[in-house]
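Descriptive structure summary
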Amino acid sequence: FFRFIAKPCAINLGIQDSGPHRAQPNAILEKVFTSITKSPDGKRLEGLSKQLDWDVRKIQRWFRHRRNQDKPTTLTKFCESMWRFTFYLSIFFYGIRFLWTAPWFWDTRQCWYSYPFQPLTSRLYYYYILELAFYWSLMFSQFTDIKRKDFLIMFVHHLATIGLITFSYMNNMVRVGTLVLCLHDASDFLLEAAKLANYAKYQRLCDAFFMLFGVVFIVTRLGIYPFWILNTTLFESWELIGPYPSWWLFNGLLVTLQILHIIWSYLIIRIAYKALVRGKVSKDDRSDVESSSEEEDVTSNSTKGVFSTSSNGSNRINGHVASGQWTEE
């Protein structure tokens, strides 16, 4: 997908395969960077300054350049986002097409009629397997992607999602499981579309996609999810089939997801507030990507738009808000 679809699209949009500014070759600093620390403290900086006869500020700048040197290029990030956009969009429309004719899509009480003796159709089976495989891939790739401030939140989210998919499949709760999956896919492809527009430097389109993503995310995660999904798993299931043994675990995982939804909604609203009121967003509230010099830090703080692209090309809005990758849920 990267080689034959995403990369040609990126090149046609003018995205170059060029990374951030490379650090000046220095054997001593390179040895410290690879063997000791990537972020030296003040005492070590003073020692290196005396050893190399360099200014401390120059050494700090070298380490920033060196850390950013290992970050993926804009082309790489575009390809990753395009893959996720393609998957989320495809699986969302597959889920909508499948659920449109399903009786439990229109009446959630149907999720519990005749439980647990409900048939598992082939389309439902493949829907589950595809979603489970994708979230496992996100779980593994999280350890090789750029480390971000929301790493723990995303780790918990992936664990909860994989646990829910597996648990609901083993207990034949696939009907309500399909509702949860489809609801979560409704906003994810919009976020990836905003990232793609950001990398291609279509700022207005990027801002429009992000605002649309924010609206859909909040409506589905803070409105439909608790009043539609949690209502049927907490109350309708209790009424129709009683307190089954796994009721507490199943609903505990679903409530964990709702807590994460609240946290992410807060981040989205804060970014949207900055964009609308101040007319700019200086950095991602969850990204650890650095500017490669003090001057670049100042420049990035004045960049306008919901997604601000710094001079090192590493800013983006994952998951699962502005310049760092949101990870999808």
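As annotated in an unreviewed UniProt entry, the chain carries the name CERS5 synthase and comes from Chauna torquata.

Enumeration according to the criterion identifies 27 aromatic pairs in this entry. Relative to Phe87, the ring of Trp83 lies with its centre 6.2 Å away and its plane at 45°, an arrangement referred to as tilted. With Trp83 and Phe87 both in helix H5 (residues 74–99) and 4 residues apart, this pair spans about one turn of that helix.

With that settled, consider a nonpolar patch on the surface. Nonpolar side chains collect at one region of the surface, where Leu120, Tyr125, Tyr126, Ile129, Tyr169 and Met170 lie side by side and expose about 600 Å² of accessible area between them. Looking at which element gives the most residues to the nonpolar patch, the answer is helix H7 (residues 122–141), with 3 residues. Within the fold, Tyr125 resides in helix H7. Residue classification places Tyr125 among the partly exposed positions, given a relative accessible area of 32%.

A few words now on the packing of helix H8 (residues 151–170) against helix H11 (residues 247–278). Direction vectors running N to C along H8 and H11 enclose 145°, while the axes themselves pass 10 Å from each other. The handedness of the crossing between H8 and H11 is left-handed. Contact with H8, carried on its side by Ile153, Met154, Val156, His157, Ala160, Thr161, Gly163, Leu164, Phe167 and Ser168, involves Leu249, Phe250, Leu253, Leu254, Thr256, Leu257, Leu260, Ile263 and Trp264 of H11 and no other residues of that element. For the contact of H8 with H11, the class distribution of residues is 14 nonpolar, 5 polar and no charged.

This part is about the pattern of salt bridges. Evaluation of the coordinates by the stated rule reveals 3 salt bridges. A salt bridge links Glu239 to Arg109; its shortest N-O distance comes to 3.3 Å. One end of the pair, Glu239, is in helix H10 (residues 203–241); the other, Arg109, is in the loop between helix H6 (103–106) and H7, and 130 residues separate them in sequence. Taking the shortest distance from any N to any O, the salt bridge between Lys195 and Glu192 comes out at 3.3 Å. Of this pair, Lys195 and Glu192 both sit in helix H9 (residues 174–199), 3 residues apart, roughly one helical turn. Neither Lys195 nor Glu192 differs from the other in exposure class; each is buried.

What follows is about the confidence of the model for the chain. Mean pLDDT over the chain works out to 79, with 80% of the residues at or above the 70 mark. Low pLDDT, under 50, characterises residues 280–329; the predicted model gives this stretch 196 contacts beyond four residues in sequence or across chains.

Our focus in this paragraph is the nonpolar core. Counting residues in each nonpolar core, the largest one holds 55 residues, and the members touching the most others are Leu99, Trp104, Tyr225 and Phe250. Looking at this core, the elements with two or more residues in it are H5, H6, H7, H8, H9, H10 and H11. If one sorts the elements of this core by residue count, H9 sits on top with 12 residues. Residue contacts for Phe250: discarding those within four places in its chain leaves Trp112, Leu164, Phe167, Ser168, Met173, Val176, Thr233 and Tyr244.

Attention now goes to the environment of Ala194. Turning to its location among the elements, Ala194 is positioned in helix H9. In sequence terms Ala194 and Phe209 are 15 residues apart; their C-alpha atoms lie 5.0 Å from each other.

Once that is clear, we can look at unusual backbone geometry. Look at the link from Tyr115 to Pro116: it is a cis peptide, with omega at 5°. Looking at where Pro116 falls in the secondary structure, it is placed in the loop between H6 and H7. The residue Ser114 is not glycine, and still its phi comes out positive at about 65°. As for its placement among the helices and strands, Ser114 is situated in the loop between H6 and H7. Classification of Ser114 by relative accessible area gives exposed; the value is 54%. You will see that Lys201, though not glycine, has its phi angle at about 65°, which is positive. Relative to the elements of secondary structure, Lys201 occurs in the loop between H9 and H10. Note on Lys201: relative accessible area 69%, which makes it exposed.

How each quantity is defined
Residues numbered from 1 in each chain as written. Predicted model: local features only at pLDDT ≥ 70, side-chain atom pairs only at ≥ 80, totals over all residues. Heavy atoms only, no water. Phe/Tyr/Trp six-rings, centres within 6.5 Å; stacked < 30°, edge-to-face > 60°. Helix = DSSP H or I, 4+ residues; strand = E, 2+ residues; numbered from the N terminus. Patch = residues over 30% accessible without salt bridge, like charges linked within 9 Å, V, L, I, M, F, W, Y side chains within 5 Å. Areas by Shrake-Rupley, 256 points an atom, 1.4 Å probe, with all protein chains shown as cover. Salt bridge = Lys/Arg side-chain N within 4 Å of Asp/Glu carboxyl O. Buried < 20%, exposed > 50% of the residue type's maximum accessible area, 1.4 Å probe, protein only. Axes fitted to C-alpha atoms, helices over the stretch in contact; angles between N-to-C directions. Left-handed = near helix turned anticlockwise from the far one by under 90°. Contact = heavy atoms within 4.5 Å. Nonpolar A, V, L, I, M, F, W, Y, C, P; charged D, E, K, R; others polar. pLDDT = per-residue confidence, 0-100. Core = buried A, V, L, I, M, F, W, Y, C linked by side-chain atoms within 4.5 Å.

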